[in-house]
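Breakdown of the fold
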Amino acid sequence: MRKNYNYDNGVYTCGITYTLKNGKTVTRFYEADALSVFDEVVEVAKTDEVINQIEPFNIDKKDILFTTLCDENDSERTEKILDVKDYDKLFYDFKSDLQNMSNNDFINVESLDMYGLVYYDYVSDSNNGYITFYTINYNAPDEIIKKIKGMTQEEIKNFYDDYYNSRDHYKSSYSENCPVELYTFDLSNSSNQTLDYIKSMQTAN
């Protein structure tokens, strides 16, 4: 449900570059109250062209080391390693679920990095946990990358945790220097195809 507050709902800004007849280009910026263009903007955001440019859909699948699941229904909230044999199928289900969501639920999927698009509160459907992709950061030194590729999944998880808790990541940009990058995708009650595929993986094992 939507909640009414006595603050501005924000402004959505759109920049459009025009090519003139003389070959020159000019860019114009347009602003509108976020709520007034909410549905139009979200429908554009749901297209393949936009979704394929955002995390986790822009991940190069060959860089994925492994994938874990954290189930919100698990009282211990432990990370379980998933045996994903077909990442194309998994990402297809992710995308299909997103495109079939209501606009309100779609905009509240935090892992899509859609922050700032609309500034009103909405209570989205309950969370069913999240999936995390562990990937190689190729900004890391070659010898470290080689070492990581020779690790087991548990060793990689421990390596990431140790690095995160060390002082190394405070010395400079953490995202650029951690040899292992994590991408997280939230699951909700609307993630029907994704949840079914995950269940099929767990049943197979």
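This part is about the pattern of salt bridges. Here the structure, examined in full by the defined rule, presents 7 salt bridges. Among the salt bridges present, the one from Lys62 reaches Asp63, with a minimum N-O distance of 3.4 Å. Between Glu79 and Lys157 there is a salt bridge, with the nearest N and O atoms lying 3.6 Å from each other. In this pair, Glu79 is assigned in strand β4 (residues 79-82) and Lys157 in helix α6 (residues 153-165), connecting sequence segments 78 residues apart. Given a relative accessible area of 10%, Lys157 falls into the buried group. Salt bridges sharing common partners tie together Asp60, Lys62 and Asp63.

A cluster of nonpolar side chains, contributed by Ile16, Tyr18, Leu20 and Tyr30, occupies part of the molecular surface with about 340 Å² of accessible area. Mapped onto the secondary structure, Ile16 falls in strand β1 (residues 11-19). For Ile16, a relative accessible area of 33% corresponds to the partly exposed category.

Take the nonpolar core next. The biggest cluster of nonpolar side chains holds 29 residues, and the ones touching the most others in it are Phe57, Phe94, Leu98, Ile131, Phe133 and Leu187. For Phe94, the residues in contact, after removing those within four places along its chain, are Phe57, Ile131, Phe133, Phe185, Leu187 and Thr194. With 13 residues, the next largest nonpolar core counts Ile136, Ala140, Ile145 and Ile148 among its residues.

You can see Asp186 is positioned in strand β6 (residues 180-188). As a C-alpha pair, Asp186 and Phe94 span 92 residues in sequence and 9.9 Å in three-dimensional space.

This brings us to the confidence of the model for the protein chain. The predicted model of the protein chain averages 78 in pLDDT, with 74% of residues at 70 or higher. Taken together, the stretch residues 1-8 has pLDDT below 50 and engages in 16 contacts with residues farther than four places along the chain or on a different chain. The model gives residues 115-121 a pLDDT under 50, and that stretch makes 24 contacts with residues more than four places away or in other chains.

Rules behind the numbers
Residues numbered from 1 in each chain as written. Predicted model: local features only at pLDDT ≥ 70, side-chain atom pairs only at ≥ 80, totals over all residues. Heavy atoms only, no water. Salt bridge = Lys/Arg side-chain N within 4 Å of Asp/Glu carboxyl O. Helix = DSSP H or I, 4+ residues; strand = E, 2+ residues; numbered from the N terminus. Buried < 20%, exposed > 50% of the residue type's maximum accessible area, 1.4 Å probe, protein only. Patch = residues over 30% accessible without salt bridge, like charges linked within 9 Å, V, L, I, M, F, W, Y side chains within 5 Å. Areas by Shrake-Rupley, 256 points an atom, 1.4 Å probe, with all protein chains shown as cover. Core = buried A, V, L, I, M, F, W, Y, C linked by side-chain atoms within 4.5 Å. Contact = heavy atoms within 4.5 Å. pLDDT = per-residue confidence, 0-100.

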